[in-house]
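Notes for the structure review
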Amino acid sequence: MRISAKIMADNIKANLAKQSTRLMKTQLKLASGKRINRPSDDHIGIGKVLGYRSTLSTIDQYRGNITDAQTRVKYTETILGQIHDFLREAKGIASYPGTDDKMPLAEAVKDIRDQALGLANSKYGKNYLFSGHLSDTPAFDSATYAYNGDGGLHRVTIGEGITVELEADGSQMFIETGDNLFQVLDDLEAALTADDPVAIRAAVDPLERIGDRIQIARSGFASDYKRMEATNDYWISFGNSVETMRSGVEDADITKTAIDMQVQQTAYEVLLATAAQVVQPTLVDFLR
């Protein structure tokens, strides 16, 4: 059977279109670095990729929560450390006040009280650190030293169903069991002003107890930090594994893709040259 020029032209045109489409897909793979650029590239693979991306997004959220909580813990621990240093200084004054004029010591204790009160009312971002759930309210009244917060904890989600509870109740650290840090310092200032040795010495034990509570709180924060650090390490490892699986499905083998493109480019050029020879000038006329 004799093959007409039109049939020959149609076949060559179809082959050129097929080869051109294949070449463009390969060029897109090479440019994007992705084996899957649209759902039609791999219906099953795209579902896996979306699942991996969702998992990676969740991991990023958990790690972001951990990073923020660790920053909060570091900041809180720094504040507690500074207050503890002030307490140690005040306890030293109460333990060995000397026999000279006590007014400079009274003034020093007043400064300690004011600085400790300011630190106890510190904010992390827009929220007060030690007010529990009432984080928009200063933890302690600057005049009466009363606690304005509640017993709420700062909760941080670091995994599915996994929450770290960070202490945020300033009363647990600064005024528990009747020892109000700021009132004790107030009383010590008054005792020094009055040069009352008995009242001065009376400040030592409560300052010691408050200092112990602050150290216990710092120990708890250190434990929380290590727990979050271990969890973050787990998410890094797991995230790397998920990313490897995603890459195996979605990403192109760049070396192989570059070779494929070169082969396809050559094949396309050969097909064009062959078409020009076989159907010249019929194909050219047809394509017009």
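Below is a short write-up of the structure. What you see is a predicted model; the values in this text were computed from it and never measured. (Residues numbered from 1 in each chain as written. Predicted model: local features only at pLDDT ≥ 70, side-chain atom pairs only at ≥ 80, totals over all residues. Heavy atoms only, no water.)

**Examining the overall build of the protein chain**
Looking only at helices and strands, one finds nine helices and four strands in the protein chain. Listing every helix and strand of the protein chain by position from the N terminus yields α-α-α-β-β-β-β-α-α-α-α-α-α. Relative to its full complement of 288 residues, the protein chain shows a buried share of 36%. Restricting the contact set of the protein chain to residue pairs at least 6 apart, pairs at least 24 apart contribute 70%. (Helix = DSSP H or I, 4+ residues; strand = E, 2+ residues; numbered from the N terminus. Buried < 20%, exposed > 50% of the residue type's maximum accessible area, 1.4 Å probe, protein only. Contact = heavy atoms within 4.5 Å.)

**A word on the packing of aromatic side chains**
Per the counting criterion, the structure on display carries eleven aromatic pairs. Considering the side-chain rings of Tyr145 and Phe182, the 6.2 Å spacing of their centres and the 40° angle between planes classify their relative orientation as tilted. Taken together, the residues Tyr145 in the loop between strand 2 (127–128) and strand 3 (154–159) and Phe182 in helix 5 (residues 181–194) connect sequence positions 37 residues apart. There is no split in this pair, since Tyr145 and Phe182 are both buried. (Phe/Tyr/Trp six-rings, centres within 6.5 Å; stacked < 30°, edge-to-face > 60°.)

**What about unusual backbone geometry?**
In this structure, Tyr145 is a non-glycine residue whose phi angle is positive, near 65°. At Asp195, a residue that is not glycine, the phi angle is positive and equals roughly 55°. When you line up the elements, Asp195 lands in the loop between helix 5 and helix 6 (197–201).

**Some thoughts on the pairing of strand 4 (residues 162–166)**
The pairing of strand 3 with strand 4 spans five bridges and is classified as antiparallel. If you follow His154 over to strand 4, its bridge partner there is Leu166. The hairpin formed by strand 3 and strand 4 contains two residues between the paired strands, and Gly161 there has a positive phi angle of roughly 75°. (Pairing = 2+ DSSP bridges.)

**Focus: the environment of Glu89**
Within the secondary structure, Glu89 is located in helix 2 (residues 43–95). In this structure the C-alpha to C-alpha distance between Glu89 and Ala108, which are 19 residues apart in sequence, comes to 9.4 Å.

**Observations regarding the packing of helix 2 against helix 3 (residues 103–120)**
In contact at an axis separation of 10 Å, helix 2 and helix 3 are set at 160° when each is read in the N-to-C sense. The orientation of helix 2 relative to helix 3 falls into the category roughly antiparallel. Judged by the sense of rotation from one axis to the other, the crossing of helix 2 with helix 3 is left-handed. Along its contact with helix 2, which presents Ile79, Gln82, Ile83, Phe86, Glu89, Ala90 and Ile93, the element helix 3 presents Leu105, Ala108, Val109, Ile112, Gln115, Ala116, Leu119 and Ala120. (Axes fitted to C-alpha atoms, helices over the stretch in contact; angles between N-to-C directions. Parallel < 35°, antiparallel > 145°, perpendicular 65-115°, else oblique. Left-handed = near helix turned anticlockwise from the far one by under 90°.)

**Some words on helix 5**
Along its 14 residues, helix 5 runs 20 Å from first to last C-alpha, staying within 8% of the 20 Å computed at 1.5 Å per residue. Every buried residue of helix 5 is accounted for by Leu181, Phe182, Val184, Leu185, Leu188, Glu189, Ala191 and Leu192. For helix 5, the elements touching its buried residues are helix 2, helix 3, helix 4 (170–174), helix 6 and helix 7 (204–250). N-cap assignment for helix 5: the residue whose side-chain oxygen lies 3.0 Å from the backbone N of Phe182 is Asn180. (Expected span 1.5 Å × (residues − 1). Polar contact = N/O pair within 3.5 Å; in protein donor to acceptor, adjacent residues only side chain to side chain.)

**Observations regarding the environment of Val249**
Within the element layout of this structure, Val249 appears in helix 7. Sequence separation of Val249 and Gly45 is 204 residues, and the distance between their C-alpha atoms is 6.2 Å. Apart from residues no more than four positions distant in its own chain, Val249 is found in contact with Arg35, Ile36, Gly45, Lys48, Val49 and Tyr52.

**Things to note about the side chain of Asn180**
Within the fold, Asn180 resides in the loop between helix 4 and helix 5. Asn180 sits in the buried class, given a relative accessible area of 17%. A polar contact of 3.0 Å, which involves the side chain of Asn180, links it to the backbone nitrogen of Phe182. Here Asn180 is in contact with Tyr145, Phe174, Ile175 and Ile210, once residues within four sequence places are set aside.

**Focus: the nonpolar core**
Core analysis: the largest hydrophobic core is formed by 51 residues, its most contacted members being Phe140, Phe174, Leu181, Phe182, Leu188 and Leu207. Breaking this core down by element, the ones donating at least two residues are helix 2, helix 3, strand 3, strand 4, helix 4, helix 5 and helix 7. Broken down by element, the residue count for this core peaks at 13 residues, all from helix 2. Discounting chain neighbours no more than four positions away, the residues touching Leu188 are Ala90, Ala94, Val109, Ile200, Ala203 and Leu207. (Core = buried A, V, L, I, M, F, W, Y, C linked by side-chain atoms within 4.5 Å.)

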